[in-house]
Amino acid sequence: MRHAVGSLADWNQTVDRLLGDPRFGERWGRHWLDVARFAESDGFEMDYDRKHAWRYRDFVIRSLNQDMPFDQFVRLQLAGDQLKPDDPWAVVATGFLVAGVENRIQTRKDFVQQRYDKLDDFTSTTGTALLGLTIGCARCHDHKYDPISQDEYYSFTAAFAATVSATRPLKTSAGDWTIYAAAESADKRIMMQVTAEPSFKNLPSFPASVRFLVRGDPDDARDVVSTGFPSFLVGTDVQQTRWFSKLDGRPGRVALARWITDPRGGAGHVLARVIVNRLWHHHFGRGLVTTPNDFGSRGDRPTHPQLLDWLATELIRDGWRLKPIHRLILTSATYRMGYQLHRASLRDDAIHAEDSEHPDLTNRLLWRREPRRLDAEAIRDNLVSVSGRLNHAMFGPGTLDQNVARRSVYLRVKRSKLIPLLQLFDSPDSLQTIGRRSTTTTAPQALMMLNNPFVRDSADQVRRRLAPGKAERSAAFIDQGFLLCVGRVPSRDEHQLATALLAPGTPESQRDFCHMLLCLNEFLYVE
Amino acid sequence: MLRCAGLGAGALAFDAIQVSQQALAGNVGYDSEHPLSARSAHFPGVRSIIWIVLNGGASHLDTWDYKPELQKRDGQMLRDADPRVGFFKTSGKLLASPFRFARHGQSGTWSSEILPFTSRHVDDMAFVHSCYSLSNNHSPALFEMNTGLSRMGFPCVGSWLAYGLGTENANLPGFVVMSDARGRGLPKNHAQNWGSGFLPSVFQATRVKETGAPIDDLLRPETITAVRQRRLLEAANQLNRRHRQRFADQSQLDARIKSLELAFRMQMAAPDVLAVDNEPAHIQSLYGMEHPTAKFFGRQCLIARKLVESGVRFVQIYSGGTGNQASWDGHLNIDKNHRQFALETDQGIGALLEDLKQRGLFEQTLVVCGGEFGRTSDSQGTGTGRDHNPNAFTWWFAGGGIKGGVHVGATDEFGYKAVENPHHIHDLHATILHLAGFDHEQLTYRFNGRDFRLTDVQGEVIRELLA
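Each chain carries its own residue numbering, running from 1 in the written order of its sequence. Chains carry letters and ligands carry numbers; both start at the beginning, A for chains and 1 for ligands, and go up in the order they are written. Reporting of local features is limited, given that this is a predicted model, to residues whose pLDDT is at least 70; pairs of side-chain atoms are given and counted only at 80 or more, and all residues count toward the totals for whole chains, interfaces and linings. In computing side-chain values, all of the structure's heavy atoms are included and hydrogens and water are not.

**A closer look at the sheet that holds strand β2 (residues 90–94) of chain B**
Residue and element names in this part refer to chain B.
No. 1: Pairs of strands are assigned from DSSP output, requiring at least two bridges between the strands. The helix and strand labels rest on DSSP assignments: H or I over at least four residues marks a helix, E over at least two residues marks a strand, and numbering proceeds from the N terminus. Pairing is antiparallel across the open sheet formed by 3 strands, whose spatial order is β2-β10-β11. Where the open sheet ends on each side, the last strands, each with one partner, are β2 and β11 (385–389). When the angles between neighbouring strand axes are averaged without regard to direction, this sheet yields 65 degrees.
No. 2: In this structure, strand β10 (residues 374–380) lies alongside β11, joined through 4 bridges in antiparallel fashion. Within the sheet, the bridge partner assigned to Q380 lies in β11 and is G385. Axis angles are defined between N-to-C directions and span 0 to 180 degrees, where every axis is a line fitted to C-alpha atoms and, for a helix, only to the segment in contact.

Listed below in structure tokens is the structure:
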């Protein structure tokens, strides 16, 4: 929908209002949940539910709404249980680490392998999600493209040597909670898990330490390694020991949390650059680095390197608060650019008559705003919203029932039962960290918009909202329908078309008119 | 470059490696606006693939890998039995197959009495007796079988092929999966088995269900006539085209307009392909649809034939459901379990091969049959069952590009371990891709900084299978 043309002051006011709206955290929280590969089940054979994992989702939404400084947001997700054991939200934050899949039916043959797979999930996700660093590529050999050795991979991994997932009770000022979060193995051992066969006795275990594995093979394990960070992300005059002081027996991930958020000598500046690029990516549909999860040599080069750097510097300078960065972006002239055709942007049509001669066909330099398809959650939320059912209740356990009128961010993410409507529109499978969703256009999406009971029901609801109680065929009905579903009144042509569709004058034709509005490109694409 | 004074030195180091070119989208003609459009493979290959999964881990020892020594030494101790091979603990005592074996065809292929229909085709089938996988555990092993890796998050074979080939018939999905025909549930891992991992989700399988509406949202609701829906669609089309004029260079909007049209056609065309009732009686009979046990899986085989005939690229059928005894997972009693599952599937599989031949589809279709692992030569539990064995199992291939009557590799004298020309799942995948016209090292997709492929960093085409 086109934004209203108004004064800059009005615009700034609108931006401030939206940044202060609780919906802000729901929308941007969902983006972070993609990065965190968040789901509420284990995956693998039985895909057991994680009944309490939703608290992490709530942590994300709350924190973004409160504009928690991003460095703190990151530290808590890596080590909140160690840094602030008395703060329930800090403990819940570590749900980030343990959001990945976990196989709880293991065998004597594969349980060590499964543990190293889990460690790899911690490491790869942390590297990719926070630093745009594909450290997971160095599990079996030195990274082929980026300066990360296999030794450095295992040193990084050692930060999680005894880290396990745990569902446990937690006393809080708000009452007794059960949480799903990270913890340190109490006996410093990792035990084989086999939930399906409780009769299995004397399960084997091994010390909770990380060994260097030749070619990533647990059957070729060498020395135990201690925590350390990739040397290319450590300042030249800096000793890594600075992040390890006063650990007092706490695990290496506490040092990891310090290093990764340290802009002077640690990885802090990269951390900042990666997050401001994510913001840019979601605001414009494309990041300044178009591969938000890969800032390495295999990723794309930044289109505007100085801008990226400046935004990162601003973020750090302003105390790591994200909302001011959002505000900077949203109030920029670039963000407020409208759509225009290629030729219109050029001074002389005669010279540049061919589109292919346009200097920036792909809009890398952001000289115009291109229409974008809404993402899966927004499409579903819009359906719920236009049908007048949207329940704004925030937080708490979710549901697998897509018909429940809450926003999609509160639908439960069960890995073996993903919500079809969301999946069809490219919501992620929550197995690996995702920085950029694909945007596909397929016939099954269209079949869903035509035949799915949830969509059809939405069309019925729209009709009821527009014409409560009586079947009328008026100009007002058409105008209201367009206003509600696509945010504008129809042109005269469109009005005629709609009138023809409504000609039978029956409730069915009204329903079909409303359903037709939901099938418009304008319903799925924002301008 | 991002060089900027006053920042952490580490940041500068990271800048220095920002030197790559624009990332390639991959080396196939994938286009997110037309993700399913038909694309060429690297070289000519079969048009379609049907993969029959003997879910739960079928025993090679009781089907295609006849071991006279095992038959002779029933009850004797298996030397060097490894307690880590199975999921439970095995007895170490050899368990002879309860089934009679006989030779078939000109190739003299040994097969078990429980496979009479399939055995008629042995001269057109090629067997790999030396298959192995790394996991002895259903869930990771199923992922390994489907994606090459025992971890989660990677695309399965069908998704890779749908990504590589698109779909030939726009009215049908490119990749279809059917799960246990008798309603005993989805295989372990559920729908995660046929996920597209990091590939766009459009490449995951479309499940054709055993009962009820075969595909979600495929059918127009009965309350709405085709005429009504057509009118609705026409109006949407006209409005969409008007909207489109304002964005003349935005082809994504075109793609979306086309998708609505396609959906309308799909709901007309697809139900016909999925219906078997209108098949002639002799065809229904061929697939065992009069047989009280064989008719369920037989129907799926018939649907598979109709799907590949209509241009679907990849069809995967799972025989067996969730629970151990509801699948080929014969821990308790191999005789009872395998007799049952062979009875359910053998006629349908034989009919499928027969039918593909008589329709001239055999040469352009690859049929693969195999599961996530084999079973142990020694018994477990009450002494009549077999445990998981990832070290030895048999897969067979038939159809386009396959040399019939061939036997590749071998297990040891008890069938406990693949010893001659062992082939990991990666090799089986490399061979499938080759037969479909792809160099498995070149079919790649870049995700989070790495060019992934189905065969990871391994895989060799099994040349002995090729015609």
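**Some words on the side chain of Q423 of chain A**
No. 1: Along the chain, Q423 of chain A falls in helix α13 (residues 420–424).
No. 2: When checking whether two residues touch, look at their non-hydrogen atoms; a contact exists if any pair is within 4.5 Å. Not counting the four nearest positions on each side in its chain, Q423 of chain A is found in contact with L418 of chain A together with S201 and Q204 of chain B.

**Details of the domain arrangement of chain A**
All names here are of chain A.
No. 1: Domain limits in this description derive from either an automatic procedure or a database domain assignment. One can read the domain layout of chain A as domain 1 (8–279) and domain 2 (373–526).
No. 2: Just the C-alpha atoms count here: the centres of domain 1 and domain 2 sit 36 Å apart.
No. 3: If you look at the interface, domain 1 gives 33 residues, while domain 2 gives 26 residues.
No. 4: Interface of domain 1 and domain 2: buried area, both sides summed, is about 2,400 Å²; carbon and sulfur atoms make up 51% of it.
No. 5: Among the residues domain 1 hides against domain 2, the three largest losses belong to E26, R30 and D34. Together they make up 23% of the total.
No. 6: A pair is scored as a salt bridge if a Lys or Arg side-chain nitrogen falls within 4 Å of a carboxyl oxygen belonging to Asp or Glu. Along the contact surface separating domain 1 from domain 2 lie 7 salt bridges.
No. 7: The partner of R30 in a salt bridge is E377, with the nearest N and O atoms 3.7 Å apart. What counts as buried area is the accessible surface, traced by a 1.4 Å probe, that two parts surrender upon association, with contributions from both included.

**Comments concerning the interface of chain B and chain A**
No. 1: With 92 residues of chain B in contact, the opposing surface of chain A contributes 103 residues.
No. 2: In total, chain B and chain A occlude about 8,500 Å² of area from one another, counting both sides; carbon and sulfur atoms represent 57% of this.
No. 3: Applying the counting rule to chain B against chain A returns 6 salt bridges.
No. 4: Residues D120 of chain A and R151 of chain B are paired through a salt bridge, measuring 2.3 Å at the closest nitrogen-oxygen approach.
No. 5: Polar contacts, as counted here, are pairs of nitrogen or oxygen atoms within 3.5 Å of one another; within protein the pair requires one atom able to donate a hydrogen and one able to accept it, and residues that are adjacent in sequence qualify only if both atoms are side-chain atoms. Where chain B packs against chain A, one counts 28 residue pairs in polar contact (both at pLDDT 80 or more).
No. 6: Contributing elements (two or more residues each) for the side of chain B that touches chain A: α1 (9–16), α4 (138–147), α6 (226–245), α7 (251–274), β17 (444–447) and β18 (450–453) of chain B.
No. 7: When residues of the side of chain B that touches chain A are assigned to their parent elements, the largest contribution, 12 residues, is made by α6 of chain B.

**Remarks on the side chain of D381 of chain A**
All names here are of chain A.
No. 1: The residue D381 is located in helix α12 (residues 376–386) in this model.
No. 2: We classify D381 as buried; its relative accessible area is 10%.
No. 3: Contacts of D381, omitting those with residues within four sequence positions, involve R407 and S408. To sort residues, take the accessible area from a 1.4 Å probe on protein chains only and compare it with the maximum for the residue type: under 20% means buried, over 50% means exposed, and anything in between is partly exposed.

**Some words on unusual backbone geometry**
All names here are of chain A.
No. 1: Phi at F44 takes a positive value of approximately 60 degrees, unusual for a residue other than glycine.
No. 2: When its relative accessible area of 6% is taken as the criterion, F44 is described as buried.
No. 3: The phi dihedral of S430 is positive, around 60 degrees, even though this residue is not glycine.
No. 4: Structurally, S430 can be placed in the loop between α13 and α14 (443–451).

**Description of the confidence of the model for chain A**
No. 1: Residues of chain A with pLDDT of at least 70 account for 94%, and the chain-wide mean is 90.
No. 2: Confidence per residue, as judged by the predictor, is encoded in pLDDT with a range of 0 to 100. In this model residues 344–354 of chain A is a low-confidence stretch, pLDDT under 50, and it forms 11 contacts with partners more than four residues away in sequence or in other chains.

**Examining the pattern of salt bridges**
Residues and elements named next belong to chain B.
No. 1: The final tally for this structure, using the stated rule, is 70 salt bridges over all chains.
No. 2: Between R100 and E113 there is a salt bridge, with its nearest N and O atoms 3.5 Å apart. One end of the pair, R100, is in the loop between β2 and β3 (101–104); the other, E113, is in the loop between β4 (109–112) and α3 (116–119), and 13 residues separate them in sequence.
No. 3: On the accessibility criterion, E113 (28% relative accessible area) is partly exposed.
No. 4: Between D456 and R450 there is a salt bridge, with its nearest N and O atoms 2.9 Å apart.
No. 5: Using a relative accessible area of 28% as the deciding quantity, one classes R450 as partly exposed.
No. 6: Taken together, the salt bridges that share partners define one network made up of E279, R305, K306, E309, D355 and R359.

**Side note on the pairing of β4 of chain B**
No. 1: Sheet topology places β3 of chain B next to β4 of chain B; 4 bridges connect them, and they run antiparallel. Counterpart to F101 of chain B in the pairing with β4 of chain B is S112 of chain B.

**A look at helix α5 (residues 157–165) of chain B**
Working note: α-helix, 3.6 residues per turn, so residues spaced by three or four point in the same direction.
Residue and element names in this part refer to chain B.
No. 1: Burial within α5 is extensive, with 9 of its 9 residues counted as buried.
No. 2: Of the positions making up α5, those classed as buried are V157, G158, S159, W160, L161, A162, Y163, G164 and L165.
No. 3: Just past α5, the residue G166 takes up positive phi, approximately 65 degrees.

**Here's the deal with empty space enclosed by the protein**
The probe, sized like a water molecule, is rolled over the atoms to show the empty space still left.
Residues and elements named next belong to chain B.
No. 1: A cavity here means a set of points on a 1 Å grid, drawn over the protein atoms and nothing else, where a 1.4 Å probe fits but cannot get out; a pocket is an open set with protein on both sides within 12 Å along at least five of seven lines, and a residue lines either one if it has an atom within 4 Å of a point. Grid points are joined across faces, edges and corners, and a volume is the space filled by probe spheres set on the points. Scanning the entire structure with this criterion turns up 7 cavities of 30 Å³ or more.
No. 2: The computed volume of the largest cavity comes to approximately 190 Å³.
No. 3: Along the walls of the largest cavity sit 20 residues, with L54, A58, T63, W64 and C369 positioned nearest its centre.
No. 4: Among the secondary structure elements, those contributing two or more residues to the lining of the largest cavity are α10 (334–358) and β12 (393–399).
No. 5: Among the elements that take part in the lining of the largest cavity, β12 stands out by supplying 4 residues, more than any other.

**Here we look at the nonpolar core**
No. 1: Put simply, a nonpolar core is a bunch of buried Ala, Val, Leu, Ile, Met, Phe, Trp, Tyr and Cys residues held in one set by side-chain atoms that sit within 4.5 Å of each other. Residues F513 and M516 of chain A together with I52 and W396 of chain B are the most contacted members of the largest nonpolar core, which totals 104 residues.
No. 2: Beyond its immediate sequence surroundings of up to four residues, W396 of chain B is in contact with W64, T118, M125, A126, F127, I349, L353, V367, V368 and C369 of chain B.
No. 3: One finds A79, V92, F96 and I135 of chain A within the second-largest nonpolar core, a separate group that totals 101 residues.

**A look at helix α6 (residues 111–131) of chain A**
Residue and element names in this part refer to chain A.
No. 1: With 21 residues, α6 ought to run about 30 Å at 1.5 Å a step, and its terminal C-alpha atoms sit 29 Å apart, in line with that.
No. 2: The buried fraction of α6 is high, at 19 of 21 residues.
No. 3: Positive backbone phi, approximately 60 degrees, marks G132, located one or two places after α6. Expected span of a helix: the number of residues minus one, times 1.5 Å.

**A word on the packing of aromatic side chains**
Residue and element names in this part refer to chain A.
No. 1: Pairing of aromatic rings covers Phe, Tyr and Trp, the last through its six-membered ring, and needs centres within 6.5 Å; plane angles under 30 degrees mean stacked, over 60 mean edge-to-face, and all others mean tilted. Tallied over the full model, the rule gives 44 aromatic pairs over all chains.
No. 2: Pairing W11 with Y335 gives two aromatic rings, centres 6.3 Å apart and planes at 35 degrees, and the pair type is tilted. Taken together, the residues span a long stretch of sequence, with W11 in helix α1 (residues 8–20) and Y335 in the loop between α11 (322–330) and β7 (372–373) at a distance of 324 residues. An identical accessibility class is assigned to W11 and Y335; each is buried.

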